[in-house]
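Observations on the three-dimensional arrangement
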Amino acid sequence: MTTTFSGMTPSSMVDRRKLSFALLVLTTAILLYEYSAIEHELGNYKRLKGLKHGLRDIISRSYTANTSIHNSSRGFAKQMADLPRPSNNGSIQDLIKSLNISLDTFLSNDYNFTEDVWLSLMEARQSLRVGRMNYYCDKYKISKMSTDSILRKKPIRHALYANDQYKLLFGLVLKVASNHFKKAMAQLGGSRRLYLMPDEQCRGRIGKYYRAIFVRHPLARTLSAYKDKFIEHHIPHFIQIGRRIIGTVREGAGPAEIKRGLGVTFPELIQYLTRGAKARSNAHWDHIWLHNRVCELRYDFIGRIETIADDYRYLIHKISRGKRDTTENEFLKAYRSYHGDNQKLRAYYSNVSRTSLKRWYEIYSKDFLIFGYDMNILGTEIWPS
């Protein structure tokens, strides 16, 4: 029998159809990744056209199976087959983004994939995410740094943790399940922070280890930082930041109110974060691309907290070469059903003025673009499209 990741045993006919589809997705993702760093889309039209015909051939052969393909698979396959001709005003990245959304939707459904099919789909996801990162980093002219350059600029190592057992270099992002990831690294045999290591010990790790990072929707990450630091906890450092926020953005705030430093509202935090780079310098709400030096390091793997169950399992499979099982991992259990709370996001962001929200988005736009997020989850009442 064929064993699936979820322990189910589907028929071999179903497995063959899913495998064909997975290979189709993987092939497309790799080719799109190849195109992603090229600015002049019109110059690639002939290559895209050839890909389009090749996809249609594979899809037509898939349709000749004696049983039908699931509607979700068929719709995704059709979307890939109907590749649009790029225009001067468009970008191939729009196509890559739409494919990535479809792939995430497809993976989020419980289709009881076999291990080979699931791995192919996860490879496709990573090809799209890493390709998107490379495209925008190149667009913003932020080059990948050599090992020697990283060694010379020690702050770049600030958020990097090395796991020697699995040769993993992990970029820790605060307010992206960071405490859980520290525990997960301990379960993998422990980690060492590169920032605290001598240069000679860092060289081999920087040059040879697999680089991974997990990110989170900027809207959710900012709200999580606000709730953690200004509602649920009141430690001295953030009380001091609260004093600065109240003194900077609250109209008519008196000396006693400023000195107390409590009661910062969410709209006040958003407004404060638009007041300059110094206001955003705290790691809990700093730009991920900047604080974690995403473009300089060019990570090999980009996971998302929104898809953590699959992403973390794939990461462990990748670094352990399939020798480590994550099925019963407590870290995974804690986030297995995480999808974010869009209703809660809307409740908080609805109180932010459109002027402040627009300015905040413009400032954090690189995190949105590099990692493939958008503002649409707020709805048109808060964020008109």
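1. Some words on the overall build of the protein
- Within the protein, the secondary structure is distributed over 19 helices and five strands.
- The buried share among the 385 residues of the protein stands at 50%.
- Partitioning the intrachain contacts of the protein with sequence separation of at least 6 by distance along the chain shows that 76% fall at a separation of at least 24.
- Approximately 18,900 Å² of the protein is accessible, and the part contributed by carbon and sulfur atoms is 50%.

2. Section: the packing of helix H5 (residues 115-139) against helix H15 (residues 308-320)
- Between H5 and H15, the least distance of the axes is 11 Å, while the angle of their chain directions is 100°. In terms of orientation, H5 and H15 fall into the roughly perpendicular class. Judged by residue contacts, Glu115, Trp118, Leu119, Met122, Glu123, Arg125, Gln126 and Arg129 of H5 engage Asp310, Asp311, Arg313, Tyr314, His317 and Lys318 from H15.

3. Brief notes about empty space enclosed by the protein
- A complete count under the given rule lists six cavities of 30 Å³ or more for this structure.
- Contributing to the lining of the largest cavity are Lys229, Phe230, His233, His234, Phe238, Ile239, Gly261, Leu262, Gly263 and Val264.
- Broken down by secondary-structure element, the contributors of at least two residues to the lining of the largest cavity are helix H9 (218-232) and helix H10 (236-249).
- Here the residues of the lining of the largest cavity are counted per class, giving five nonpolar, four polar and one charged.

4. Notes on the confidence of the model for the protein
- Taken over all residues, the pLDDT of the protein has a mean of 77, while the share at 70 or more is 67%.
- For residues 1-14, every residue scores under 50 in pLDDT, and the model assigns this stretch 22 contacts once sequence neighbours within four places are set aside.
- Taken as a whole, residues 58-90 scores under 50 in pLDDT and shows 55 contacts with residues more than four places along the chain or in a different chain.

Calculation notes
- Residues numbered from 1 in each chain as written.
- Predicted model: local features only at pLDDT ≥ 70, side-chain atom pairs only at ≥ 80, totals over all residues.
- Heavy atoms only, no water.
- Helix = DSSP H or I, 4+ residues; strand = E, 2+ residues; numbered from the N terminus.
- Buried < 20%, exposed > 50% of the residue type's maximum accessible area, 1.4 Å probe, protein only.
- Contact = heavy atoms within 4.5 Å.
- Areas by Shrake-Rupley, 256 points an atom, 1.4 Å probe, with all protein chains shown as cover.
- Axes fitted to C-alpha atoms, helices over the stretch in contact; angles between N-to-C directions.
- Parallel < 35°, antiparallel > 145°, perpendicular 65-115°, else oblique.
- 1 Å grid on protein atoms, 1.4 Å probe; cavity = no way out; pocket = protein on both sides within 12 Å on 5 of 7 lines; lining within 4 Å.
- Points joined across faces, edges and corners; volume = space filled by probe spheres on them.
- Nonpolar A, V, L, I, M, F, W, Y, C, P; charged D, E, K, R; others polar.
- pLDDT = per-residue confidence, 0-100.

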